[in-house]
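Structure at a glance
Here are the chains, one letter per residue:
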Amino acid sequence: MFLHKFQSADALSNAAAAWITDYIADTLKKQDRFTIALSGGSTPYKLHTILAASPYKEKIDWSKLHIFWGDERAVPFEDSRNNAKMAYDTLLDHVSVPADQIHVMRTDISPEESAIEYETILHRYFDNTETSFDLVLLGMGDDGHTLSLFPGTPVVHEIEKWCVAFFLEAQDMFRITITKSITNKAAKVAFLTTGANKANALKEVLQGAYNPNMYPSQEIKPVVGELHWFVDEAAAAQL
Ligand SMILES: O=C(O)[C@H](O)[C@@H](O)[C@H](O)[C@H](O)COP(=O)(O)O
């Protein structure tokens, strides 16, 4: 596990943008595509805006990127809570990723149908590859959740399926999420976690007793890939 600590969220986002850009460039020297699963939530906003602007915009060969999401709220695309909308607004509307290489978790069909459709796409990409995504970007909630793997939900322990839909009681909404199975097959997984409100959960996830039902982020352990945590000092205060 690689821990990258930064004084501020902005410093973290700038460093993460450079790290991602270098990783993409290195990977595209060896293969003709780069597959990335974007995170939802608010932490990625800044990172996206940095990647969508100079100098990173020009450094990345967007034509070779294949975009996925780690999870989605089952709300219409135009809803401000929709993770895909956030990514389009802050990044994808500003760069030239071919439309057929962008795979949103659809919310114009039922969550169950969307999860089945997404599972099919994931198997089309990753059934015959040693690893799944080249990079999975993750956030962590102040309760230790990641993706839509929330404490106490059965999806935390799902190992057969790569994508599932379920009703999240706590938020009174359906969620669509990839599972730990495909996430832990990734070549690299990078958490971006900032803010004092994450400090207790981060300590429990990284240094506490193994208790994934309470702290689902503990389940993210790449089998052959690398696990990176990008944290700011506020989130790392209890480490
Ligand atoms: O859809 C979501 O909500 C995200 O996928 C979720 O896992 C997010 O990454 C964390 O809740 C952290 O969110 P913040 O970045 O807003 O703290």
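Residues numbered from 1 in each chain as written. Predicted model: local features only at pLDDT ≥ 70, side-chain atom pairs only at ≥ 80, totals over all residues. Heavy atoms only, no water.

The name given to the chain in an unreviewed UniProt entry is 6-phosphogluconolactonase, and the organism recorded there is Pinibacter soli. Check the Catalytic activity (unreviewed entry) section of the UniProt entry for the chain; it says "6-phospho-D-glucono-1,5-lactone + H2O = 6-phospho-D-gluconate + H(+)". (UniProt positions renumbered as here; feature names shortened; annotations may be inferred.)

Let's shift gears to the environment of Asp134. Tracing the chain through its elements places Asp134 in the loop between helix 5 (111–126) and strand 5 (135–138). Considering only alpha carbons, one finds Asp134 and Val104, 30 residues apart in sequence, at a separation of 17 Å. (Helix = DSSP H or I, 4+ residues; strand = E, 2+ residues; numbered from the N terminus.)

Along the polypeptide, Ser13 turns up in helix 1 (residues 9–28). Ser13 has contacts with Lys46, Leu47 and Ile50, leaving out every residue within four places of it along the chain. (Contact = heavy atoms within 4.5 Å.)

Within strand 3 (residues 65–69), five of the five residues are buried, which leaves it mostly tucked inside the rest of the structure. Judged by which residues are buried, strand 3 turns out to be covered on both faces: Leu65, Ile67 and Trp69 on one side and His66 and Phe68 on the other are all buried. Here strand 2 (residues 34–38) pairs with strand 3 via five bridges, running parallel. Across the sheet, residue Thr35 finds its bridge partner in strand 3, namely His66. (Buried < 20%, exposed > 50% of the residue type's maximum accessible area, 1.4 Å probe, protein only. Pairing = 2+ DSSP bridges.)

A few words on the packing of aromatic side chains. Taken as a whole, this structure holds 14 aromatic pairs when the rule is applied. Ring geometry for Tyr23 versus Phe34: centroids 5.2 Å apart, planes at 85°, classification edge-to-face. Placement of the pair is Tyr23 in helix 1 and Phe34 in strand 2, with a sequence separation of eleven residues. Taken as a pair, Tyr23 and Phe34 share a single burial class, namely buried. Site record: aromatic cluster; members linked through ring pairs are Phe6, Trp19, Tyr23, Phe34 and Phe230. Sitting above the plane of the Tyr23 ring, Lys188 keeps its charged end 4.1 Å from the centroid. (Phe/Tyr/Trp six-rings, centres within 6.5 Å; stacked < 30°, edge-to-face > 60°. Lys NZ or Arg CZ within 6 Å of the ring centre and 35° of its normal.)

In this structure, the largest pocket spans a volume of roughly 420 Å³. Elements represented by at least two residues in the lining of the largest pocket include exactly helix 2 (44–51), strand 4 (71–73), helix 4 (83–90) and strand 5. Its residues assigned to classes, the lining of the largest pocket shows ten nonpolar, 14 polar and five charged. (1 Å grid on protein atoms, 1.4 Å probe; cavity = no way out; pocket = protein on both sides within 12 Å on 5 of 7 lines; lining within 4 Å. Points joined across faces, edges and corners; volume = space filled by probe spheres on them. Nonpolar A, V, L, I, M, F, W, Y, C, P; charged D, E, K, R; others polar.)

Looking at the ligand, there are 16 residues lining it, with Ser42, Thr43, Asp71, Leu147 and Lys198 nearest. Asp71 has a polar side-chain atom sitting 2.6 Å from an oxygen atom of the ligand. Taking Leu147, its main chain carries an N or O atom lying 2.7 Å from an oxygen atom of the ligand. Against a free-state accessible area of 410 Å², the protein chains account for coverage of 88% of the ligand. Cavity membership is defined here by more than half of the atoms lying within 2 Å of grid points; on that basis the ligand lies in the largest pocket. In the shell around the ligand, the residues fall into two nonpolar, ten polar and four charged. (Near = heavy atom within 4 Å. Polar contact = N/O pair within 3.5 Å; in protein donor to acceptor, adjacent residues only side chain to side chain. Areas by Shrake-Rupley, 256 points an atom, 1.4 Å probe, with all protein chains shown as cover. Sits in = over half its atoms within 2 Å of the grid points.)

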